[in-house]
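Residue-level structural notes
Listed below are the residues making up each chain.
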Amino acid sequence: MRSIKVNLDKKLSSSYEICIGNAILDRMVLLIAKNHKAGRHIVITDSNVNKLHGPKLLAALKDVGLNVDLIEFPAGEASKNINTAVDIAGKLLELGAGRNSLLIAFGGGVVGDLTGFVASMFMRSVPYIQIPTTLLAQVDSSIGGKTAVDLPYGKNLLGTFYQPQAVFADLSYLTTLPENEFNNGLAEIIKYGIIDDAKMFRLLEDNMDQVKIKDPVLLLKLVEMCCRIKKSIVEIDEKEQGLRRILNYGHTLGHALEAQSNFTLSHGEGVALGMIAAARISENSGYLESSSRERIEKIIQKAGLPCRINNNMATEGIISRLKMDKKKEGDIIHFVLLKKIGMPFVNGGIDGKIITPVIEGMRE
Ligand code: GLY
């Protein structure tokens with residue numbers, strides 16, 4: 001098992017470990033029993049993850065002597081709302097949970113964000129641990145303490161920054177992950193290569209076939225590399241005042257496309273298209289060489305992610321969604337652009353007139 005420490009500013013949050021490995025259940029529960037003592041441990045999970053892995057985790061936690069219960073909610077983004085958060089808080093009260101309880105988020109991004117959200121507010125906050133079971137959650141959403149629920153106006157609009165006490169990423173959970181879920185994580189892995197690590201980008205270019213068949217040694221290496229990149233960004237900018245924004249490379253347009261498609265496009269598909277658009281904007285603005293933009297498009301295609309925007313999505317609709325982005329300041333939409341692969345910067349504001357031809361140039 002590999003371990004990475006996230007060192008945070010003591011005035012803001014406590015530091016914590018990310019533990020990564022393959023089939024680490026036995027060691028993980030021992031570590032939870034030893035280092036994360038609490039009166040009650042309550043696993044929060046969704047119906048899919050519970051069916052596949054819940055009983056085994058619960059039994060393992062009980063075997064090491066913990067007083068443990070489980071709360072399940074229906075799987076899917078539709079559950080990521082304030083009503084589910086209130087339901088979970090009610091169930092916690094029914095189970096007799098209090099300030100001395102510890103929550104365990106067991107699942108993908110929805111479970112992690114929702115559990116963190118509840119943990120940050122239940123009884124004015126209780127600690128929580130992340131056990132991410134999807135590739136996206138293992139390389140991104142379980143690290144860094146972003147918690148949220150969606151509002152009818154958009155995704156993640158109500159949330160907090162609240163760091164977990166530990167993250168345990170067990171890659172054996174990826175064997176049951178559907179292809180589209182795996183691709184959501186793969187888009188984020190490609191993003192890390194683009195924004196921070198030209199060597200990792202090259203590794204992906206040379207080994208995408210092995211990644212696609214989930215080669216365990218390669219995946220372990222990649223997940224660890226991504227966690228190290230994310231942790232070093234979060235350490236510098238925990239509350240997203242500046243540097244952390246580079247993690248949103250491809251996400252500004254990606255989120256707009258996801259919403260404009262009525263979420264028929266997955267997060268990873270939206271981000272893949274957004275990453276291509278951001279590379280094209282970078283090239284058109286004279287920052288990025290065309291050979292680098294071509295490499296970005298090629299790797300996304302090789303990963304089996306989309307490179308073209310469906311004609312059903314009207315350009316004006318996409319642009320007006322961009323204007324609702326929660327990361328905008330006033331009317332300015334911040335785009336993360338590139339000078340090179342591995343060298344991003346946050347642009348001071350992009351005009352719709354620059355984005356429109358890029359969207360049109362990516363049509364099917
Ligand atoms: N997923 C982007 C971030 O954690 O900042």
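Refer to the structure printed above.
To keep things clear, this report deals only with the structure shown in the data block. All chains use their own residue numbering, which begins from 1 and follows the written sequence. Local features in this predicted model are restricted to residues whose pLDDT is 70 or higher, and side-chain atom pairs enter the listing and the counts only when it is 80 or higher, whereas totals over whole chains, interfaces and linings include all residues. With hydrogens and water excluded, all non-hydrogen atoms of the structure serve as input to the side-chain values.

Focus on the nonpolar core
Residues Ile20, Ile190, Leu204, Tyr249, Ile296, Ile300 and Phe335 are the most contacted members of the largest nonpolar core, which totals 78 residues. Any two residues whose heavy atoms approach within 4.5 Å at even a single point are treated as in contact. When sequence neighbours within four positions are dropped, the list of residues in contact with isoleucine 20 reads Met1, Arg2, Ile4, Ala169, Leu171, Leu220, Val223, Glu224 and Cys227. Among the buried residues, those of types Ala, Val, Leu, Ile, Met, Phe, Trp, Tyr and Cys that are joined through side-chain atoms within 4.5 Å form a nonpolar core. Think of it in three bands: residues with accessible area under 20% of the maximum for their type are buried, residues over 50% are exposed, and the middle band is partly exposed, with areas taken using a 1.4 Å probe on protein chains only. Counting residues in each nonpolar core, the second largest holds 22 residues, with Val49, Ile131, Ala166 and Phe168 among its members.

A closer look at the pairing of strand β9 (residues 166-170)
The buried fraction of β9 is high, at five of five residues. Taking every second residue as pointing to the same face, both faces of β9 are buried, with Ala166, Phe168 and Asp170 on one and Val167 and Ala169 on the other. With five bridges joining them, strand β2 (residues 16-21) and β9 adopt parallel strand pairing. Residue glycine 21 lies in a different strand from β9, and its bridge partner there is aspartate 170. Starting at the N terminus, helices and strands are each numbered in turn, a helix being any DSSP run of H or I of at least four residues and a strand any DSSP run of E of at least two. One requirement defines pairing of two strands: DSSP has to find at least two bridges between them.

Here's the deal with the pairing of strand β3 (residues 40-46)
Counted residue by residue, β3 has seven buried out of seven residues, so it is predominantly covered. Taking every second residue as pointing to the same face, both faces of β3 are buried, with Arg40, Ile42, Ile44 and Asp46 on one and His41, Val43 and Thr45 on the other. Pairing of β3 with strand β5 (residues 101-107) involves six bridges; the strand directions are parallel. Bridge pairing in β5 places valine 43 opposite isoleucine 104. Bridging between β3 and strand β4 (residues 68-73) involves six bridges; their strand directions are parallel. Bridged to histidine 41 within β4 is valine 68. Note on the crossover from β3 through helix α2 (residues 47-63) to β4: the handedness is right-handed. Look down the strands so they point away from you; if the path from the first strand over the helix to the second goes clockwise, the crossover is right-handed.

So, the packing of helix α6 (residues 179-196) against helix α7 (residues 198-212)
How two helices pack is summed up by the angle between their axes together with the distance between the axes. Contact pair α6 / α7: the axes reach a minimum separation of 7 Å and the direction vectors enclose 160°. It follows that α6 is roughly antiparallel to α7 by the angle criterion. Every pair of crossing elements has a handedness; the one defined by α6 and α7 is left-handed. Facing Glu179, Phe182, Asn183, Leu186, Ile189, Ile190, Tyr192, Gly193, Ile194 and Asp196 of α6, the residues of α7 in contact are Ala198, Met200, Phe201, Leu204, Met208, Val211 and Lys212. Across the contact of α6 with α7, the residue classes break down as twelve nonpolar, two polar and three charged. Geometry is summarised by axes, namely lines fitted to C-alpha atoms with helices restricted to the contacting stretch, and by angles between N-to-C directions that run from 0 to 180 degrees. Note on terminology: angles under 35 degrees are roughly parallel, angles over 145 are roughly antiparallel, angles of 65 to 115 are roughly perpendicular, and the others are oblique. Crossing handedness follows the turn of the near helix against the far one: under a right angle anticlockwise gives a left-handed crossing, and clockwise gives a right-handed one. Three classes are used, and their members are as follows: Ala, Val, Leu, Ile, Met, Phe, Trp, Tyr, Cys and Pro are nonpolar, Asp, Glu, Lys and Arg are charged, and the others, Gly among them, are polar.

A short note on a nonpolar patch on the surface
Residues qualify for a patch when their relative accessible area is over 30% and they have no salt bridge, like charges being joined within 9 Å and the nonpolar side chains of Val, Leu, Ile, Met, Phe, Trp and Tyr within 5 Å. In short, Shrake-Rupley with a 1.4 Å probe defines the accessible areas, and a residue's cover is counted only from the protein chains shown. Definition used for salt bridges: Asp or Glu carboxyl oxygen within 4 Å of a side-chain nitrogen of Lys or Arg. Taken together, the side chains of Ile82, Val86 and Leu158 present a nonpolar region at the surface, about 230 Å² in accessible area. Take leucine 158: it is sitting in strand β8 (residues 154-161).

Notes on the site of the ligand
Distances are taken per atom, and a residue is near a molecule or strand as soon as one of its heavy atoms is within 4 Å of it. Surrounding the ligand, one finds Asp140, Lys146, Lys230, Glu240, Arg244 and Leu247. At 3.0 Å from a nitrogen atom of the ligand is found a side-chain nitrogen or oxygen belonging to aspartate 140. N or O atoms within 3.5 Å of each other form a polar contact, as long as, within protein, one can give a hydrogen and the other can take it, and as long as residues adjacent in sequence are counted only when both atoms are side-chain atoms. Contact between the ligand and arginine 244: an oxygen atom at 2.7 Å from a side-chain N or O atom of the residue. Protein contact buries 88% of the 200 Å² of open area that the ligand shows by itself. When grouped by side-chain class, the residues that make up the shell around the ligand number one nonpolar, no polar and five charged.

So, the environment of valine 29
Inspection of the secondary structure puts valine 29 in helix α1 (residues 25-35). For the pair formed by valine 29 and isoleucine 354, sequence separation is 325 residues and the distance between their alpha carbons is 52 Å.

Some thoughts on helix α3 (residues 82-94)
Between its terminal C-alpha atoms α3 stretches 18 Å, which fits the 18 Å expected from 13 residues at 1.5 Å a residue. Taken residue by residue, α3 has Thr84, Ala85, Ile88 and Leu92 as its buried positions. Projected onto a plane normal to the axis of α3, the buried residues spread over an arc of 105° and lie on a single side. What points out from α3, more than 90 degrees from its buried face, is the exposed set Asn83, Val86 and Glu94. Its side-chain oxygen placed 3.0 Å from the backbone nitrogen of asparagine 83, asparagine 81 serves as the N-cap of α3. Phi turns positive, to about 85°, at glycine 96, one or two residues after α3. For a helix, the expected span equals 1.5 Å multiplied by the residue count minus one. Of all possible arcs, the one meant is that of the directions from the helix axis to the C-beta atoms.

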